[in-house]
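# Fold and geometry: a report
Single-letter residue listing:
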Amino acid sequence: MLLPSLRTAIFCGCRSAGKGFQHSNQRSPPLRQWLVRRGQSTITAEAGSSSTPAAVTVPNAATNRILGRWLLGCSGLVVGAVVLGGVTRLTESGLSMVDWHLVREMKPPQTQAEWEAEFSKYQQFPEFKIMNHDMTLPEFKFIFYMEWGHRMWGRLVGLAYILPTIYFWKKGYFTRSMKGRVLGLCGFVFFQGLLGWYMVKSGLEEKPESHDIPRVSQYRLSAHLGSALLLYCASLWTGLNLLLPTHKLTETRRLTQLRRFAKGTGGLVFLTALSGAFVAGLDAGLVYNSFPKMGDRWIPDDLLAFSPALKNFFENPTTVQFDHRILAISSLTAITGLYLFSRRMVLPRRAKIAISLLTAMAYGQVALGISTLLLYVPTPLAATHQSGSVALLSLAIWVLSELRKVPK
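Small disclaimer: the values here were computed from a predicted structure and weren't measured. (Residues numbered from 1 in each chain as written. Predicted model: local features only at pLDDT ≥ 70, side-chain atom pairs only at ≥ 80, totals over all residues. Heavy atoms only, no water.)

## Description of the packing of aromatic side chains
Enumeration over the complete set of coordinates arrives at 22 aromatic pairs. Ring geometry for F119 against Y122: centres 6.5 Å apart, planes inclined by 20°, an arrangement best described as stacked. With F119 and Y122 both in helix α4 (residues 112-122) and three residues apart, the pair spans about one turn of that helix. For the pair F119 and Y122, one class covers both residues: buried. With 5.4 Å between their ring centres and 15° between their planes, F168 and Y173 make a pair best called stacked. On the accessibility criterion, F168 (8% relative accessible area) is buried. Counting every residue linked through ring pairs, the aromatic cluster contains W115, F119, Y122, F128, F140, F144, Y145 and W148. In this structure, R220 is placed above the aromatic ring of Y198, and the distance from its NZ or CZ to the ring centre is 3.7 Å. (Phe/Tyr/Trp six-rings, centres within 6.5 Å; stacked < 30°, edge-to-face > 60°. Helix = DSSP H or I, 4+ residues; strand = E, 2+ residues; numbered from the N terminus. Buried < 20%, exposed > 50% of the residue type's maximum accessible area, 1.4 Å probe, protein only. Lys NZ or Arg CZ within 6 Å of the ring centre and 35° of its normal.)

Okay, structure coming up:
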């Protein structure tokens, strides 16, 4: 601060001195002009240097793009975890690892002795005793690697959230609201891992009173899938909002109705995907492999066979499949209605594309579901159907992002 002030004082003094000897020394205009130019350049440089820090602010549009791409990448990894988890379930590999260690299990068995020790531990649990008592070691290695891959992918998801969060936090990329969001996402990842092990434990328990095949609790499976979908939706929504500019739509009554319609449709799609976890948990896709009727009836006789009646909606395979059918048809109807309603409105091109893709995906997903049912749930087709539910949910989130209000 002292040096700029001294320069200004010297410049002002020189100007005053120049005025004083202007008339006495008419032969020195070059000196006076040099002093004027020197003072102007000094003041300009000081003004430019003082404005430089204000021009570089964090966070800004560039950092928002970085954060948006990061969160979209994280949401893609979550999709991978969901798909891999579905394949693990379809191949009945989820109970092959009977221990849970955060770091130690990252290295699979290497030697023959280690593999035999791991296989010996698996043989002590109900799945081997009841279902796989004739399983060989090579067959065990396959289901072990399926579950191991799923768990390692989950750890990759955790690192993809936590490490960049630490880096971006130190760089000052987060606003106050974003700090709360990313902390919530990181906490949810950790919770998801604990919930996954809590789910696996339900399939390792001895149940002498039950004559059913060993499987994880459909309640815990639904909670595990539901939390993964919530993590995915939150990451995708935040990433899209950071990357896509908000449309300046004219607020009308019809636009408000369209937003409400889209929100309700998105909720229905999420509920349908969640009901699929109960179908998978109870192997409900293997009962009544016909469509549109269930057997010879529209409403099967054993729809409410369990008592109390509420128990049927969560534990009766027939009712669970029936519910999934109704929710799927309702979602398709709602998406079709959303498409027709939107066609009568003037919307941005990107919003129209999102709604059109959502509609096309809905019909494709229903076709996949019917094919999976009629063909008695082949693993490749069932895995594609499960992946399609995530794709449908993604498009619903995109539609909601396109229709969001401009922040005031």
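## A few points about the side chain of Q192
Along the chain, the position of Q192 falls in helix α7 (residues 176-204). For Q192, the side chain forms a polar contact with the main-chain oxygen of H224, separated by 3.0 Å. (Polar contact = N/O pair within 3.5 Å; in protein donor to acceptor, adjacent residues only side chain to side chain.)

## Here we look at the nonpolar core
W70, Y161, L347 and L358 are the most contacted members of the largest nonpolar core, which has 54 residues in total. Elements that contribute at least two residues to this core include exactly α3 (61-90), α6 (137-171), α7, α8 (218-243), α9 (253-281), α11 (317-343), α12 (349-374) and α13 (379-402). A total of nine residues in this core trace back to one element, the largest contributor, which is α13. Here L347 is in contact with L255, L258, S342, K352, I355 and L403, once residues within four sequence places are set aside. (Core = buried A, V, L, I, M, F, W, Y, C linked by side-chain atoms within 4.5 Å. Contact = heavy atoms within 4.5 Å.)

## Here's the deal with the confidence of the model for the protein
Here the protein shows a mean pLDDT of 87. Residues at 70 or above account for 85%. Note that pLDDT drops below 50 for residues 1-28; the model gives that stretch eight contacts with residues more than four away or on any other chain. Considering only residues more than four positions removed or in separate chains, one finds that residues 38-55, a stretch of pLDDT under 50, has three contacts. (pLDDT = per-residue confidence, 0-100.)

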